[in-house]
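One letter stands for each residue in the lines below.
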Amino acid sequence: MGFPKLSLSSSSMVLLLVIMVMVLSFRAESKTYWGDIKVLKELKNGLDSNSVSPGSCISSWDFNVDPCDNLFSNRFTCGFRCDLNVSETSRVTELSRDQAGYNGSLSSISWNLPYLDTLDLSNNFFSGPIPYSLANLTRLRRLGLSMNSFSGEIPTSISSLTELEELYLDNNKLEGAIPASFNNLVSLKRLELQSNKLTGEFPELGSLNNLSFLDASNNAISGKIPWVFPSSLVQISMRNNSLEGTIIPESFRTLGYLQVIDTSHNRLSGSVPSLLFDLPSLQQLTLSFNQFSSVQAPASLGTQSELIAIDLSNNELRGFLPSFMALMPRLSALSLENNKFTGMIPTQYALKAVIPGPGISPLTRLLLGGNYLFGPIPDPLMGLQPGSVNVRLVDNCLHRCPVNFFFCQGGQQKSLAECRSFAPVIP
């Protein structure tokens, strides 16, 4: 006997079931796009195998199975993130290496990951140049290469990443100038370049209207402070470079959101402009270890200032102590040490430290040592107890400063001959 013939409807149902099984099987696999797998393999193969320690993310990567389908399993424990795109193909959208001491180069990697949003390889031992091919990461918003050993110049190709919001290149061995083409990074909010070997003048980045945080400290950047800064800046840190010249008030006039300025340990000179004491949001001003010679008093006498901490120590400042600083309502830390101030300590300083008045922040730190101050100690200071306020008056010409008072201890006063040679009016 022959087999019974299936009706058309039965054949259609069987075919439909087969198709459904195939579709469900395909969707269950949810395979990673082949090009993304290629880059993941390049990244693993570019590492020094001796630096891939057991238990690290990369040590688990097993390409015998699909990466995105097996993410967070024992085959691919960590190190990246995947998302489905419109074609329901898994694409790598984040690469974040654990701090496992990986060593290797990025130069042999194609970086063809068009959906990558975050690349963070910080706190490892990657070396060699930063590859130009990072420009392939057209959707990148965060690039973190901090705390490695990258060398050479910053590639200008990074400037093509117009969606980049955070750029961390700090604590490497990068050399050369900061690319002026960084002005193309119109979405950038945070730029960290500190602790490298960068040279040349700092470029004007006035077109970066979203930039709020800028740190280029601990380099060898020279020339003058840029004429134009983005008006969106909240913090500027350029300490420990080779900047010189004067601070131009126009550079800071439009910085209404600025809270922190740190240009200490440079060679800046001239006057500290009055504008800095009247910026509406500024809370911390650090200009120590420069060559400033004078301080300009603001027209408001500081009564509208939001400054909490001022450090002008270790400059060449002359004249009397700026009494307007005692009128700043929120100021609590003032360091004018190691300058060439003369005259008597203003009584306003002592009153702000001891009895500041209602709604006025007291001075909890008043450092005036290493100047040529003379005369009596203001009476309010004489009632202070050790530990109440950090006051330092050593290395001045305060020969009536009682050694049994804590603020006169820790060092001697200058000799009478040295004091009179600098300021003949000293009695």
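Keep in mind it's a predicted model, so treat the numbers as computed, not measured.

Topic: helix 2 (residues 34–45)
No. 1: Counted at 1.5 Å a residue, the expected span for helix 2 with its 12 residues is 16 Å, and the 16 Å between its end C-alpha atoms agrees.
No. 2: Within the span of helix 2, buried status applies to Gly35, Asp36, Ile37, Val39, Leu40, Glu42 and Leu43.
No. 3: Against the buried residues of helix 2 lie strand 2 (90–96).

Quick word on the sheet that holds strand 21 (residues 318–320)
No. 1: The strand order 21-23-25 describes an open sheet built from three strands, whose pairing is parallel. Each edge of the sheet is formed by a strand with only one pairing partner; in this case those strands are strand 21 and strand 25 (372–373).
No. 2: As defined by bridge partners, strand 23 (residues 340–343) adjoins strand 25 across two bridges and the pair is classed as parallel. When the sheet's bridge partners are listed, Gly343 is paired in strand 25 with Leu373.

Structural notes on the state of the cysteines
No. 1: With the rule as written, the count across this model stands at four disulfides.
No. 2: With a sulfur-sulfur separation of 2.0 Å, Cys397 is cross-linked through a disulfide to Cys419. When the S-S torsion is -100°, as for the bridge of Cys397 with Cys419, the disulfide is left-handed. With Cys397 in the loop between strand 26 (390–392) and helix 5 (416–422) and Cys419 in helix 5, this residue pair connects regions lying 22 residues apart in the sequence.

A word on the UniProt feature "domain: Disease resistance R13L4/SHOC-2-like LRR" (unreviewed entry) in the chain
No. 1: Listed under "domain: Disease resistance R13L4/SHOC-2-like LRR" (unreviewed entry) in the UniProt record, and renumbered for this structure, are residues 112–337.
No. 2: For residues 112–337, the end-to-end C-alpha separation is 55 Å, with 0% helix and 29% strand making up the annotated structure.

Comments concerning the pattern of salt bridges
No. 1: Inspection of every chain in the model, using the stated rule, returns 17 salt bridges.
No. 2: Put simply, Arg239 and Asp262 hold a salt bridge, and the shortest N to O gap is 3.4 Å. In this pair, Arg239 sits in the loop between strand 14 (235–237) and strand 15 (242–245) while Asp262 sits in strand 16 (residues 260–262), placing the two residues 23 residues apart along the sequence.
No. 3: Connected via shared salt-bridge partners are Arg81, Asp83 and Glu94.

Things to note about the pairing of strand 5 (residues 125–129)
Residues in a regular strand project their side chains so that they alternate between the two faces of the sheet.
No. 1: Here strand 3 (residues 103–105) pairs with strand 5 via three bridges, running parallel. Paired with Asn103 across the strands is Phe125, a residue of strand 5.
No. 2: Pairing of strand 5 with strand 7 (residues 149–153), which is carried by three bridges, proceeds in the parallel orientation. Looking at the pairing, Pro129 lines up with Ser151 of strand 7.

Examining the side chain of Asn148
No. 1: With respect to the helices and strands, Asn148 occurs in the loop between strand 6 (142–144) and strand 7.
No. 2: You can call Asn148 buried: its relative accessible area is 7%.
No. 3: From its side chain, Asn148 meets the backbone nitrogen of Phe125 in a polar contact 3.2 Å long.
No. 4: Reaching out from Asn148, the side chain makes a polar contact with the backbone oxygen of Ser146 at a distance of 2.9 Å.

Conventions we followed
- Residues numbered from 1 in each chain as written.
- Predicted model: local features only at pLDDT ≥ 70, side-chain atom pairs only at ≥ 80, totals over all residues.
- Heavy atoms only, no water.
- Helix = DSSP H or I, 4+ residues; strand = E, 2+ residues; numbered from the N terminus.
- Expected span 1.5 Å × (residues − 1).
- Buried < 20%, exposed > 50% of the residue type's maximum accessible area, 1.4 Å probe, protein only.
- Contact = heavy atoms within 4.5 Å.
- Pairing = 2+ DSSP bridges.
- Disulfide = S-S within 2.5 Å.
- UniProt positions renumbered as here; feature names shortened; annotations may be inferred.
- Salt bridge = Lys/Arg side-chain N within 4 Å of Asp/Glu carboxyl O.
- Polar contact = N/O pair within 3.5 Å; in protein donor to acceptor, adjacent residues only side chain to side chain.

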